[in-house]
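Analysis of the macromolecular model
The primary structure of each chain is shown beneath.
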Amino acid sequence: MKERLYSLDLLRGLDMILLVGIGPLVRAMNGSWGLPPSVMGQFKHGWECFTLWDIIMPLFIFMCGAAIPFALGRRIEDGKAGKSFWMHVLGRVAMLWVLGMLVQGNLLSLDWHKMSPYSNTLQSIAAGYFATACVMLIRSKAVRIAVPVLLAKEAQKRGAFVIA
């Protein structure tokens, strides 16, 4: 019997409702009635503050980061860490990568100058999925924990992000 993490399913559902339900509804209401700027400000990205809309991508990344070890862990425990494991991982990575390029809106133009190979949430999830698959095959739990910590420290050293 496969157990699900229902809290993660709930969070995923709420995030999707915000993205495809509430956001468009609020924009439509604004077009009809003119909502206050303080309300509309929560449904766009801004560089001067943190808004409700800004949480969608980090929440997706968090949910994938929480779910991937469970899903891949089950495959490894079931003894499927061989060819079928890597076919699954590489297929998922390729699918997410191509869908990410499709979402950019420039994939069908076949103009490589318009495409950005790594620029959105789906491609970030694909990269994280592949990296997690590699780390999940390390037998030592201590090393599996140390790898992301060391990568984060290296990224911080290179100025990729700042930890307050």
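Computed from a predicted structure; not experimentally measured.

This next bit is on the overall build of the chain. The helix and strand tally for the chain stands at six helices and zero strands. The order of helices and strands in the chain, counted from the N terminus, is α-α-α-α-α-α. Counting only C-alpha atoms, the chain reaches 60 × 40 × 40 Å along its principal axes. In the chain, which comprises 164 residues, the share counted as buried stands at 21%. In the form shown here, the chain has an accessible surface area of approximately 11,600 Å², with 69% of it arising from carbon and sulfur atoms.

Another aspect to go through is the nonpolar core. Core analysis: the biggest nonpolar cluster contains 11 residues, these being Ile-68, Leu-72, Phe-85, Val-89, Val-93, Leu-96, Ile-125, Ala-126, Tyr-129, Ala-133 and Met-136. Contributing elements (two or more residues each) for this core: α3 (56–77), α4 (83–104) and α5 (121–136). Here this core gets five residues from one element, more than from any other, and that element is α5. Once residues within four sequence positions are removed from consideration, Leu-72 is found in contact with Phe-85, Val-89, Tyr-129, Thr-132, Ala-133 and Met-136. By size, the runner-up hydrophobic cluster in this structure holds 10 residues, among which are Leu-18, Leu-59, Phe-60 and Met-63.

Right, let's get into the pattern of salt bridges. In this structure the tally under the stated criterion is three salt bridges. A salt bridge links Asp-9 to Arg-12; the shortest N-O distance between them is 2.9 Å. Residue Asp-9 and its partner Arg-12 are both found in helix α1 (residues 6–33); the two are separated by three residues, about one turn of the helix. The structure contains a network of salt bridges with shared partners spanning Glu-154, Lys-157 and Arg-158.

Let us now look at the confidence of the model for the chain. The predicted model of the chain has a mean per-residue pLDDT of 84, with 93% of residues at 70 or higher. The lowest-confidence element of the chain is α3, averaging 82 in pLDDT; the highest-confidence one is α1, averaging 92.

The residue Gln-123 is located in helix α5 in this model. Taking relative accessible area as the criterion, Gln-123 reaches 0% and is therefore assigned buried. A polar atom in the side chain of Gln-123 sits 3.4 Å from the backbone oxygen of Trp-97.

Glancing now at the environment of Thr-121. Inspection of the secondary structure puts Thr-121 in helix α5. Among all residues touching Thr-121, those that are not within four sequence positions of it are Met-57, Phe-60 and Ile-61.

Here is what the cut-offs are and how they apply
Residues numbered from 1 in each chain as written. Predicted model: local features only at pLDDT ≥ 70, side-chain atom pairs only at ≥ 80, totals over all residues. Heavy atoms only, no water. Helix = DSSP H or I, 4+ residues; strand = E, 2+ residues; numbered from the N terminus. Buried < 20%, exposed > 50% of the residue type's maximum accessible area, 1.4 Å probe, protein only. Areas by Shrake-Rupley, 256 points an atom, 1.4 Å probe, with all protein chains shown as cover. Core = buried A, V, L, I, M, F, W, Y, C linked by side-chain atoms within 4.5 Å. Contact = heavy atoms within 4.5 Å. Salt bridge = Lys/Arg side-chain N within 4 Å of Asp/Glu carboxyl O. pLDDT = per-residue confidence, 0-100. Polar contact = N/O pair within 3.5 Å; in protein donor to acceptor, adjacent residues only side chain to side chain.

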